[in-house]
Amino acid sequence: MEEKIKKYRKSEGSNPLTPITSSWMYKIMDNHEQIGKLMEIYGSPINLHHLPSFTKNIEDFQHIFQKLEVNGQIYFARKANKSKSLVKAALSYGVGVDTASYRELQEALALGGNAENLVLTAAIKTLPLMELAVKNNISIIIDNYDELELVQHVAQEMDRIAHIGIRLSGFNINGQKLYSRFGFDIDMERDKLKGWLGDRLKSKNLLLCGFHFHLDGYSIEQRAEAILQTLDVIEEFDIAATKISFIDIGGGILMNYLESKEEWEQFQERLQQAVLEKDAPVTFKNNGLGFKKNLQENGITGKLNTYPYFNQINGPEFLERILTYKRPGDKPVLEYVRNENIQLRIEPGRSLLNQVGLTIAKVVHRKKDAENNWLVGLDMNMSQLKSSSADFLLDPYIIYSDPIETENNIELYFTGAYCLEQDVILKRKLSFPNLPQIGDFVVFVNTGGYMMHFYETEAHLFELSKNLYIHDDNETILPDDTLSKKHSVEDVFEN
Ligand SMILES: Cc1ncc(COP(=O)(O)O)c(C=O)c1O
């Protein structure tokens, strides 16, 4: 049989950052015609979501809870990706959804969510949002006294008992307090909070069901310590308006994007050399991505301002490390959790989206700038591949319409549609065998967590990117926005 010639190619060059990929991604990249049709219907860029990868991630986390015999529950943090298909998949898989706004909660309810499987953690809770949550008996994570007053008032007006969790912060880690703008300070507010909730007049329509935290950063130790310190608080909260059944430890479970630790370290080293002008730039306009040249010492200051894309310990193993953490000479965290008969909840966003997403855009033009750089203009803008990270440090792919016969090692940057000098889609200089043709496709892999949606805007009145999903391996690709309440889970998944 004649071997099919591959037409897609990853960026290579001397500083590769090879992403971890999945077989479904290659099936898509192999089907130029199918992508062409999708672009005709939905425009560029498109975001593809592979639901079997999502449910596999759910299973992998569930496996850790089962293995360690911990009563655990997952709440998918929907803020990381807007797609309804993921909400539907999470709910039909028996896990919950963490909602962070009125529309997130409203849609999750319409898609089949309920008091059993939804939680509201919104940073700002307006009166309509609080009313929606109380009306539907959704657990509400409370951040401050004004929210406590509001939820009490709303529940009283509706003659209901609101189920609440208290968000804590200010945990003590190795003698230092962890600052957060969120939550009640674990030291300063403890007694006042106990008094407030213990006052039957003030809190007569409230039932305290649990405690919550979400920590910035990615420390296993900090999360484990925060669980232990929260358990101490629970012991003290044996008061009237309480029936404490959960600790919710939020998200921040690390994910690994890259195949090679060496590539990751070499890239950072090489970037620093470029910033020091000891080597040629590896980024657009020699952007240090957080590294700066210290002129006095001719050294580097600052730190890499991106997500830590390579992580040896990630996903389910990261969770396992939290649960098996012990203070010197003490029992592991999981034993305390088991003994207290507490459900341990997690709210992973990014790490549940590992290997779930692809963003594909069409090449519109090619040009050379005055510094002799190839700039390849894509039919997308910088907000459609953006997070708080200074750059998305994964090699993208080009799908060529013509077979790659000769290799010319072209270095290039991808540019976007905003009228901003900084709309350079990836800051890294990339290297491909050939310049793409107009109409070729560029594929960014593993973009499901935050990259697609978190900062997407409609500036210049650009259409928002289209979200599509693949519900099983028969490769049917469906638009996310057709999902509605009318569909049963079976309708959607057996279409
Ligand atoms: C309260 C809360 N829960 C969960 C998450 C999800 O975090 P991650 O995507 O890092 O898992 C966030 C992210 O900001 C959050 O604020």
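Residues numbered from 1 in each chain as written. Predicted model: local features only at pLDDT ≥ 70, side-chain atom pairs only at ≥ 80, totals over all residues. Heavy atoms only, no water.

Another aspect to go through is the site of the ligand. Surrounding the ligand, one finds 13 residues, the nearest of these being Gly 252, Glu 347, Gly 349, Arg 350 and Tyr 450. Here an oxygen atom of the ligand sits 2.5 Å away from a polar atom, N or O, in the side chain of Tyr 450. Relative to its unbound accessible area of 400 Å², the ligand is 85% covered by the protein chains. (Near = heavy atom within 4 Å. Polar contact = N/O pair within 3.5 Å; in protein donor to acceptor, adjacent residues only side chain to side chain. Areas by Shrake-Rupley, 256 points an atom, 1.4 Å probe, with all protein chains shown as cover.)

This part takes up helix α5 (residues 102–110). Buried residues of α5: Glu 104, Leu 105, Glu 107, Ala 108 and Leu 109, and no others. Looking at the packing, one finds that the buried side of α5 touches α4 (84–92), β4 (96–99), β5 (118–120) and α6 (127–135). Phi turns positive, to about 110 degrees, at Gly 112, one or two residues after α5. (Buried < 20%, exposed > 50% of the residue type's maximum accessible area, 1.4 Å probe, protein only. Helix = DSSP H or I, 4+ residues; strand = E, 2+ residues; numbered from the N terminus. Contact = heavy atoms within 4.5 Å.)

Moving on, we come to the packing of helix α7 (residues 145–158) against helix α8 (residues 190–198). Direction vectors running N to C along α7 and α8 enclose 10 degrees, while the axes themselves pass 12 Å from each other. As judged from the angle between their axes, α7 and α8 are roughly parallel. Touching Tyr 145, Leu 148, Glu 149 and Gln 152 of α7 are Lys 192, Leu 193, Trp 196 and Leu 197, all from α8. Looking at the contact of α7 with α8, its residues break down into 5 nonpolar, 1 polar and 2 charged. (Axes fitted to C-alpha atoms, helices over the stretch in contact; angles between N-to-C directions. Parallel < 35°, antiparallel > 145°, perpendicular 65-115°, else oblique. Nonpolar A, V, L, I, M, F, W, Y, C, P; charged D, E, K, R; others polar.)

The next subject is the nonpolar core. Phe 54, Leu 148, Ile 166, Leu 197, Ile 227, Ile 360 and Phe 414 are the most contacted members of the largest nonpolar core, which totals 144 residues. Ranked by residues supplied to this core, first place goes to helix α9 (residues 220–236) with 8 residues. Once residues lying within four places of it in the same chain are set aside, the contact partners of Phe 414 are Val 376, Leu 378, Pro 396, Ile 398, Val 424, Ile 425, Leu 426, Leu 430, Phe 432, Val 442 and Phe 444. Counting residues in each nonpolar core, the second largest holds 5 residues, with Val 119, Ile 141, Cys 209 and Phe 246 among its members. (Core = buried A, V, L, I, M, F, W, Y, C linked by side-chain atoms within 4.5 Å.)

Assignment of secondary structure puts Leu 48 in strand β2 (residues 46–50). When the C-alpha positions of Leu 48 and Asn 467 are compared, they lie 6.2 Å apart, and in sequence the two are 419 residues distant. Not counting the four nearest positions on each side in its chain, Leu 48 is found in contact with Trp 24, Ile 28, Val 356, Gly 357, Leu 358, Ile 360, Met 452, Leu 468 and Ile 477.

What follows covers helix α11 (residues 315–324). For α11, the complete set of buried residues consists of Gly 315, Phe 318, Leu 319, Ile 322 and Leu 323. For α11, the buried positions fall inside an angular range of 135 degrees around the axis, keeping them on one side. Elements in contact with the buried residues of α11: α3 (51–67), α9, α12 (333–339) and β15 (343–346). (Arc of directions from axis to C-beta.)

Enumeration according to the criterion identifies 20 aromatic pairs in this entry. Both rings, one in Tyr 257 and one in Tyr 307, keep their centres 5.6 Å apart while their planes meet at 85 degrees; by these two values the pair is edge-to-face. Of this pair, Tyr 257 sits in the loop between β12 (242–248) and α10 (261–275) while Tyr 307 sits in the loop between β14 (299–301) and α11, placing them 50 residues apart in sequence. Each member of the pair, Tyr 257 together with Tyr 307, is buried. With 5.9 Å between their ring centres and 75 degrees between their planes, Tyr 309 and Phe 392 make a pair best called edge-to-face. With a gap of 83 residues between them, Tyr 309 in the loop between β14 and α11 and Phe 392 in the loop between β17 (374–378) and β18 (397–399) connect regions that are remote in the sequence. By the burial criterion, Tyr 309 is buried, and Phe 392 matches it. In textbook terms, an aromatic cluster arises when at least three aromatic residues are bridged by ring pairs, as seen for Tyr 218, Tyr 257, Trp 264, Tyr 307, Tyr 309 and Phe 392. (Phe/Tyr/Trp six-rings, centres within 6.5 Å; stacked < 30°, edge-to-face > 60°.)

You can read the domains of the chain as domain 1 (8–50 + 355–493), domain 2 (52–254 + 311–353) and domain 3 (261–301). Counting residues at the interface gives 31 residues for domain 1, matched by 20 residues for domain 2. Overall, the association of domain 1 and domain 2 removes approximately 1,900 Å² of surface from exposure, summing both partners, and the carbon and sulfur fraction of that is 59%. Summed over the shared surface of domain 1 and domain 2, the result is 0 salt bridges. At the surface where domain 1 touches domain 2, the tally comes to 14 residue pairs in polar contact (both at pLDDT 80 or more). Those elements giving two or more residues to the side of domain 1 that touches domain 2 turn out to be β2, β22 (466–470) and α13 (489–493). (Domains from an automatic or database assignment. Buried area = accessible area lost by both parts, 1.4 Å probe. Salt bridge = Lys/Arg side-chain N within 4 Å of Asp/Glu carboxyl O.)

A few words now on the pairing of strand β19 (residues 410–415). Across the 6 residues that make up β19, a large majority, 5, are buried. Of the pairings in the sheet, the one linking β17 to β19 comprises 4 bridges and is parallel in character. Paired with Leu 375 across the two strands is Tyr 413, which belongs to β19. By the bridge criterion, 3 bridges tie β19 to strand β20 (residues 430–432) in an arrangement that is antiparallel. Its bridge partner lying in β20, Ile 410 is registered against Phe 432. (Pairing = 2+ DSSP bridges.)

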